[in-house]
Amino acid sequence: MTKFSSRRQAVLDVIKNMRCHPSADMVYEECRKIIPNISLATVYRNLAFLEQQGVVGRVVGAGEKERYDVELDTHCHVICKKCGKIIDIPYPQNLKTTLDVCIDELDFSSAALSFYNVCEDCKG
């Protein structure tokens, strides 16, 4: 892996420490606490680079804003229809096996699955 600049490393560290599938805006706000003069464009550029390098993943179907994930192992997302909170859950084994076969046979690079519900915080 290539050596990261201090800004790129800050973006990665922020995502790892947030542990909440943050949007680029959320990452930007946290990065500004570390590097006050970092620009939003720099955050977006570094998120794109980190995704391209396979260091972070993008959560598909999480609402209007793109969200990012440092957990790259095979897992699903449950997305709250009210607040947008994203929770990681493991694939059921039979579904994971089926997806792995499809990815291999159809030569897909990856697959993502999201479920939608209302989270416990929003139900209350």
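Refer to the structure presented above.
Now for a description of the structure that goes with this document.

### Looking at the side chain of Arg8
Relative to the helices and strands, Arg8 is located in helix α1 (residues 6–18). In this structure Arg8 is buried but unpaired, with Asp13 as the nearest side chain of opposite charge at 12 Å. Those residues in contact with Arg8 that lie beyond four places of it in its chain are Asn46, Phe49 and Leu50.

### Brief notes about helix α3 (residues 40–52)
Along its 13 residues, α3 runs 18 Å from first to last C-alpha, staying within 8% of the 18 Å computed at 1.5 Å per residue. Taken together, the buried positions of α3 are Thr42, Val43, Asn46, Leu47, Phe49 and Leu50. Buried residues of α3, viewed axially, fall in a sector of 165 degrees; they line one side. Every exposed residue of α3 that faces more than 90 degrees away from the buried side is listed here: Arg45 and Gln52.

### So, the pairing of strand β3 (residues 75–80)
Across the six residues of β3, five count as buried, placing the element largely inside the fold. Summarising the sheet, β3 and strand β4 (residues 86–90) pair through five bridges and their orientation is antiparallel. By the bridge assignment for β4, Cys76 is matched with Ile89. As consecutive antiparallel partners, β3 and β4 are separated by five residues, and within that stretch Gly84 has a phi angle of approximately 85 degrees, a positive value. Judged from the four bridges that link them, β3 and strand β5 (residues 114–117) form a sheet pairing that is parallel. Its bridge partner lying in β5, Val78 is registered against Phe115.

Rules and cut-offs
Residue positions are counted from 1 within each chain, in the order its sequence is given. Per-residue local features of the predicted model are confined to residues with pLDDT of at least 70, and side-chain atom pairs are confined, for both listing and counting, to 80 or more; whole-chain, interface and lining totals are unaffected and use all residues. Side-chain descriptors were evaluated using all non-hydrogen atoms of the structure, hydrogens and water having been removed beforehand. Comment: elements are numbered from the N terminus, with helices defined as DSSP H or I runs of at least four residues and strands as E runs of at least two. Buried residues are those whose accessible area, probed at 1.4 Å on protein chains only, stays under 20% of the maximum for their type, while exposed residues exceed 50% and partly exposed ones sit between those limits. A residue counts as positive if it is Lys or Arg and as negative if it is Asp or Glu; His and the chain ends are not included. Basic side-chain nitrogens of Lys or Arg form a salt bridge, by our definition, when they fall within 4 Å of a carboxyl oxygen of Asp or Glu. The criterion used for residue contact is that any of the two residues' heavy atoms lie within 4.5 Å. A helix is expected to reach a length of 1.5 Å times the quantity of its residues less one. An arc is given here, and it is the one of the directions from the helix axis to the C-beta atoms. In short, DSSP must find at least two bridges between two strands for them to pair.

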